[in-house]
Amino acid sequence: MTQQTNRKLHLGLFLFSTGYHPAGWRLPEAVADGAFDPKFLQYVAKRLEEAKFDFFFLGDALATSADMQYQFPSQMVRMEPFTMIAHLTAVTEKIGLIVTANTTYAEPYHIARQTASLDHLSGGRVAWNVVTGADVRAALNFSRDKHWDNAKRYDYADEFVQLVKDLWDTWEDDAFVRNKETGVYVDESKVHALHHKGEHFSVAGPLNVARPPQGQIPLLSAGTSERSQELGARFSNVIFTGQILIEEARKFYASVKSKLAKYGRSKDELFIMPGLVPLVGRTKEEAHAKYRELSSLIVTDFNLSALSARIGIDLTGYPLDGPLPDLSLSTLNDNSAEQLVRLAQNAAGHDDITLRELFYYFAAVVRGHLLIVGSPEEIADEIERWFVNEAADGFNLCSPYMPGGLDLFIDLVVPELQKRGLFRTEYEGSTFREHFGLPRPENRLAKKDAVLKK
């Protein structure tokens with residue numbers, strides 16, 4: 001496959017410290033306690049920077065439970081993202097650093113202060129992943145009886161994000177005179193109060209942190225709902241999404257990009273980056289052997305209800321080690337059952353998979369991200385196929401196990417992508433915005449004030 005575009009692939013890592021695969025931490029060579037090990041976290045960030053990744057991405061959640069250990073151990077416990085990212089700014093120089101903050105359980109002034117401070121500490125390498133929260137249990141940790149519905153969360157988030165962006169602009173870049181002779185430290189005409197009174201917030205301003213080095217810190221968002229797409233089209237520079245079927249990914253890509261014009265934005269201001277779980281082997285056979293090893297380590301009671309719903313066939317009574325049922329029995333009106341089976345066959349390395357093998361694949365991708373198993377060339381082929389066909393502008397890697405799964409991707413797949421002219425060999429700049437070719441924006445409040453004075 002030959003690239004027919006001037007676009008460049010973008011790569012980031014979404015850190016799952018025990019691995020994205022639910023059994024990743026059980027491999028003999030895997031690190032099981034990396035979430036709280038500063039040396040491990042530094043190692044990962046430095047390896048990514050050496051490989052010229054765009055960013056290191058840290059997600060977050062505001063609720064947990066011990067039973068998550070069997071389905072999603074990497075999300076059960078982890079460090080608070082602002083603290084961890086602040087630590088990593090000191091041991092890296094170029095790589096972007098993404099911090100997650102939930103608007104539903106925060107205040108705009110707090111988030112504006114924290115993100116602007118991190119941007120200064122990192123020299124302009126921070127981005128903010130905006131989430132509204134999907135875990136209903138979080139409400140009980142913040143003195144609320146219930147989690148807000150989708151509409152209320154996004155109404156709140158729209159005003160929240162705009163306020164944060166305005167707070168970043170309350171100090172003009174050249175507001176600080178610092179004239180020792182006259183004693184004037186700040187040009188007061190270049191400091192802007194907001195006096196915002198909206199539906200959800202009342203914020204006077206200005207922010208008590210200087211304008212971030214990037215001017216406006218890049219924003220990320222996730223989700224596929226109509227409201228999340230609108231928020232992304234209005235504010236985001238990167239959208240993190242989850243699709244395992246390329247046709248669905250292409251539709252999502254086109255849908256979001258089509259919404260940009262009404263917000264006065266162009267298609268090159270927003271990048272779509274699905275999650276990708278690459279299980280790489282030095283050879284195809286080695287990769288499939290590792291996949292089988294991971295599958296064998298899953299702790300499960302083989303409850304087939306979720307898989308039954310996913311393929312539209314009641315699997316009760318079918319033997320786990322028998323063949324799959326006739327997929328024509330599916331009650332689904334599309335071919336998604338066949339597509340899931342094909343992906344499971346590709347991962348297993350053979351077509352005559354059993355129900356048990358289909359269950360193992362489903363258990364590994366149930367959270368929404370594409371798992372592909374193969375040699376470096378095969379992994380690169382699939383990345384290129386999605387990229388060239390505008391299903392993605394790049395990928396947010398979710399390594400199946402750590403750190404070996406990431407090391408193999410960096411050592412084997414990245415050089416293949418570079419050889420094909422898809423991925424950079426050196427950083428183009430030193431800030432998050434520069435990695436994505438985004439210009440530093442003007443101060444909107446200064447521009448608005450200038451217009452009002454005319």
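Residues numbered from 1 in each chain as written. Predicted model: local features only at pLDDT ≥ 70, side-chain atom pairs only at ≥ 80, totals over all residues. Heavy atoms only, no water.

- By the naming in an unreviewed UniProt entry, the protein chain is LLM class flavin-dependent oxidoreductase, taken from Paenibacillus vulneris.
- What UniProt states about the protein chain under its Sequence similarities (unreviewed entry) heading is, verbatim, "Belongs to the NtaA/SnaA/DszA monooxygenase family." (UniProt positions renumbered as here; feature names shortened; annotations may be inferred.)

### Quick notes on the overall build of the protein chain
Alright, step 1. Scanning the protein chain from N- to C-terminus turns up 14 helices and 13 strands.
Alright, step 2. Radius of gyration (C-alpha) of the protein chain: 23 Å, near the 22 Å computed for a compact globule of 454 residues.
Alright, step 3. Once the C-alpha set of the protein chain is aligned to its principal axes, its extents read approximately 85 × 50 × 40 Å.
Alright, step 4. Buried positions account for 55% of the 454 residues belonging to the protein chain.
Alright, step 5. Nonlocal contacts in the protein chain, meaning residues at least 24 apart in sequence, comprise 76% of its contacts between residues at least 6 apart.
Alright, step 6. Summed over its atoms, the accessible surface of the protein chain is roughly 19900 Å², and 52% of this surface lies on carbon and sulfur atoms. (Helix = DSSP H or I, 4+ residues; strand = E, 2+ residues; numbered from the N terminus. Rg over C-alpha atoms; globule rule 2.2 N^0.38 Å. Buried < 20%, exposed > 50% of the residue type's maximum accessible area, 1.4 Å probe, protein only. Contact = heavy atoms within 4.5 Å. Areas by Shrake-Rupley, 256 points an atom, 1.4 Å probe, with all protein chains shown as cover.)

### Here we look at the side chain of K165
Alright, step 1. In this fold, K165 is placed in helix α4 (residues 150–168).
Alright, step 2. Filtering out sequence-adjacent residues up to four positions away, K165 remains in contact with Q216, L219, F235 and R444.

### Quick notes on the pairing of strand β11 (residues 271–280)
Every other side chain in a regular strand lies on the same face of the sheet, so the side chains alternate between the two faces.
Alright, step 1. By the criterion of burial, β11 is predominantly enclosed, with 10 of the 10 residues buried.
Alright, step 2. Both faces of β11 are covered, namely the face carrying F271, M273, G275, V277 and L279 and the face carrying I272, P274, L276, P278 and V280.
Alright, step 3. Where strand β10 (residues 238–241) and β11 come together, four bridges link them in parallel fashion. Counterpart to I239 in the pairing with β11 is I272.
Alright, step 4. Chirality of the crossover, the property in question, places the unit of β10, helix α6 (residues 246–258) and β11 among those that are right-handed.
Alright, step 5. As defined by bridge partners, β11 adjoins strand β13 (residues 394–397) across two bridges and the pair is classed as parallel. Across the sheet, residue L276 finds its bridge partner in β13, namely L397.
Alright, step 6. Direction of pairing for β11 relative to strand β12 (residues 370–374): parallel, over a ladder of five bridges. Among the inter-strand pairings, V277 is bridged to a residue of β12, identified as L371. (Pairing = 2+ DSSP bridges. Right-handed = clockwise from strand over helix to strand, strands pointing away.)

### Examining unusual backbone geometry
Alright, step 1. Cis peptide bonds are those with omega within 30 degrees of zero, and the linkage from G205 to P206 qualifies with -5°.
Alright, step 2. Residue P403 is reached from M402 by a cis peptide bond, and omega for that bond is -5°.
Alright, step 3. In this fold, P403 is placed in the loop between β13 and α12 (404–419).
Alright, step 4. Its identity is not glycine, yet F302 carries a phi of approximately 55°, on the positive side.
Alright, step 5. You can see F302 is positioned in the loop between α7 (284–296) and α8 (305–311).

### Digging into the pattern of salt bridges
Alright, step 1. Applying the stated criterion across every chain, the model contains 33 salt bridges.
Alright, step 2. In this structure, the salt-bridge partner of D169 is R211, at a minimum N-O distance of 2.8 Å. Of this pair, D169 sits in the loop between α4 and β5 (176–179) while R211 sits in the loop between β8 (202–203) and β9 (219–222), and the two are 42 residues apart along the sequence.
Alright, step 3. Under the relative-accessibility criterion, R211 is labelled buried at 5%. (Salt bridge = Lys/Arg side-chain N within 4 Å of Asp/Glu carboxyl O.)

### Things to note about the environment of R367
Alright, step 1. Checked against the element boundaries, R367 lands in the loop between α10 (355–365) and β12.
Alright, step 2. Residues in contact with R367, not counting those within four places in the same chain, are Y20, P22, Q71 and F72.
Alright, step 3. Within the local environment of R367, its side chain forms a polar contact with the backbone oxygen of Y20, the two atoms lying 2.5 Å apart. (Polar contact = N/O pair within 3.5 Å; in protein donor to acceptor, adjacent residues only side chain to side chain.)

### Structural notes on the side chain of H147
Alright, step 1. Looking at the secondary structure, you find H147 in the loop between β4 (126–131) and α4.
Alright, step 2. Since its relative accessible area comes to 12%, H147 is described here as buried.
Alright, step 3. A polar atom in the side chain of H147 sits 2.9 Å from the backbone oxygen of G133.
Alright, step 4. Excluding residues within four positions of it along the chain, H147 makes contact with T104, Y105, T132, G133, A134, D135, V136, A139 and R153.

### Some thoughts on the packing of helix α2 (residues 81–89) against helix α3 (residues 108–122)
Alright, step 1. Packing of α2 against α3 brings their axes to within 9 Å, and their N-to-C directions diverge by 15°. As judged from the angle between their axes, α2 and α3 are roughly parallel. In the crossing of α2 with α3, the sense of the turn from one axis to the other is left-handed. Facing F82, I85, A86 and T89 of α2, the residues of α3 in contact are I111, Q114, T115, L118, L121 and S122.
Alright, step 2. Residues belonging to the contact of α2 with α3 are distributed by class as follows: six nonpolar, four polar and no charged. (Axes fitted to C-alpha atoms, helices over the stretch in contact; angles between N-to-C directions. Parallel < 35°, antiparallel > 145°, perpendicular 65-115°, else oblique. Left-handed = near helix turned anticlockwise from the far one by under 90°. Nonpolar A, V, L, I, M, F, W, Y, C, P; charged D, E, K, R; others polar.)

### Regarding the packing of α4 against helix α5 (residues 226–235)
Alright, step 1. Taken N-terminus to C-terminus, the directions of α4 and α5 make an angle of 10°; their axes are 10 Å apart at the nearest point. Of the possible angle classes, the one that applies to α4 and α5 is roughly parallel. In this structure, α4 contributes N150, A151, Y154, D155, A157, D158, V161, Q162 and K165 to the contact, and α5 contributes R227, S228, L231, R234 and F235.
Alright, step 2. Broken down by class, the residue content of the contact of α4 with α5 amounts to six nonpolar, three polar and five charged.

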